[in-house]
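Working through the structure, step by step
Here is what each chain is made of, one letter per residue.
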Amino acid sequence: MSTINNDEQFAALFKESIASDYKNALLLMNVSPDVSLFKFRKILETLCLLYAQRHSYEFTNKNLWEQINELADICAIHGADRELFHGVRELTNDGVHNKELSNEVLLSKALASRTKVLDLLESAYLSLGLGERIPKYELINVGGQEHKDLWFNCLSSCDYKEYLSLGIFYEEMGDAFESQALDDKSFIVRAQTMYSFAAESYKSAFQLCSKKTITDIISSDDKQISIAQESHQILFKYALLCLNNKVDNLHITEVAILLNALAKRGFYAAYAYLGWCHYLSEDYKKAHKYLTHKKAEHSVFLYQRLGVLYSSGKACQTNSDKAVESFKKAVSLGCNKAMFELGKLYHRGKLVKKDDELAQKYLYQAIATGNLDAAMYFNEKYLEMRKFISELQVIRESFGAKLIDELQKTSAKTIKQGRNESCLCGSNLKYKNCCGK
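Residues numbered from 1 in each chain as written. Predicted model: local features only at pLDDT ≥ 70, side-chain atom pairs only at ≥ 80, totals over all residues. Heavy atoms only, no water.

1. Quick notes on the nonpolar core
- Ranked by internal contacts, the top residues of the largest apolar core, which has 90 residues, are Phe236, Leu258 and Leu259.
- Ignoring anything within four residues of it in the chain, the contact list for Leu258 reads Ile214, Ile217, Ile218, Leu235, Tyr238, Ala239 and Leu250.
- Core analysis: the second largest hydrophobic core is formed by 38 residues, Tyr22, Leu26, Ala52 and Leu121 among them. (Core = buried A, V, L, I, M, F, W, Y, C linked by side-chain atoms within 4.5 Å. Buried < 20%, exposed > 50% of the residue type's maximum accessible area, 1.4 Å probe, protein only. Contact = heavy atoms within 4.5 Å.)

Given below as structure tokens:
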């Protein structure tokens, strides 16, 4: 409890999505209060689900107003909490539905939502059994003045730390806008702008720290050039922005030069990313070298990419045990990409034994943590096939097996199916050798 100093740390005691939404709600409160309201509403929705899970209850309605009342009906929440839930719902409605209000009005609603959400979290902390006593904490200043001070200081400062801090702030803003882009594509442009500001701040920080530019490192191909040790983290953060396509400043081969410079200087966090650069460039020998290097820093990124390495068969022979082990390590650290990959492995049943239950489990986890690719895969393949099979069972009971055989072959051709997947007609042959001929 002694480590809880502010409300952001208090929110982090709950589900990871609550911690993330609360942090972004504070970060964007002055910049985009409508987004801040939306994030507070997401926290409200998550709390509803947590209360329902606590009481082993399944909602009968997707409407938030109805769900709050259902929780009250089963006595999961009581009078005051019920009114508090509805109070937050009403405040955040304007961030979701009303796009015509001024920023001043939206900001006042966001500030009021913050107070009420904290009251809800305090109640949930006790009701959900997270602890017996609410930890003491102070509210983080979200007036934005500290960020303005940081920006103005950089206008005349020669301290690289100021520019590094500004870059980190812009990158956090970019991440917050990018997470919102799943619900509103207009935020993609805002995210890209923030990432561009972050890249320029990192470039300035690196130049002030090392007395050289990033271009100097690339053009020399890192031959006989010194880089201040204090600037390693700055160079790394800039390289990752480029590698992750947050900015399009550098080609993949140029990013590899920067990461190689860091690896040669003992910055072990660069090994996994350097290996992935080579993988993307199809230099699989070097990809295997750096991804499996004993000095590679163990991280979510490393585990997820090792899973790809051992399951793809491009950089080495496929190894199902190592692939699954690596993906599971990444999953244990919250990587939804690894959840998606495991879901696909168990659904396809090629590298591992087919297991629909595990496939569904990992795909659901990936979707719940925001993996859009998993949602599309689940919708287009898994759910479509389940619906198709369910419909066939109904028809079989009504019309008999002979008619089914014809319907299976006809319907299988209308469903988009991989050529190497088991044919839906039930022949136990691959689709390419059966109805896909």
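2. Topic: helix 2 (residues 16–27)
- With 12 residues, helix 2 should cover 16 Å at 1.5 Å per step; its first-to-last C-alpha distance of 17 Å lies within 8% of that length.
- Within helix 2, the full set of buried residues consists of Ile18, Ala19, Asp21, Tyr22, Asn24, Ala25, Leu26 and Leu27.
- Close packing links the buried residues of helix 2 with helix 1 (7–11), helix 3 (33–54), helix 6 (103–127) and helix 8 (160–180). (Helix = DSSP H or I, 4+ residues; strand = E, 2+ residues; numbered from the N terminus. Expected span 1.5 Å × (residues − 1).)

3. What about the packing of aromatic side chains?
- Considering all chains together, one arrives at 17 aromatic pairs under this definition.
- Look at Tyr51 and Phe85: their rings are 5.8 Å apart centre to centre, the planes differ by 75°, and that puts the pair in the edge-to-face class. Of this pair, Tyr51 sits in helix 3 while Phe85 sits in helix 5 (residues 79–96), placing them 34 residues apart in sequence.
- For Tyr51, a relative accessible area of 2% puts it in the buried group. (Phe/Tyr/Trp six-rings, centres within 6.5 Å; stacked < 30°, edge-to-face > 60°.)

4. Concerning the pattern of salt bridges
- Tallied over the full model, the rule gives 11 salt bridges.
- With its nearest N and O atoms 3.9 Å apart, the salt bridge here joins Lys237 to Glu171. Highlighted residues: Lys237 in helix 11 (residues 232–243) and Glu171 in helix 8, separated in sequence by 66 residues.
- Relative accessible area serves as the criterion here: at 19%, Glu171 is assigned to the buried category.
- One salt bridge in this structure joins Lys329 and Glu325, with 3.6 Å as the shortest N-O distance. With Lys329 and Glu325 both in helix 16 (residues 320–332) and four residues apart, the pair spans about one turn of that helix. (Salt bridge = Lys/Arg side-chain N within 4 Å of Asp/Glu carboxyl O.)

Without other data, these values stay purely geometric and don't point to any function.
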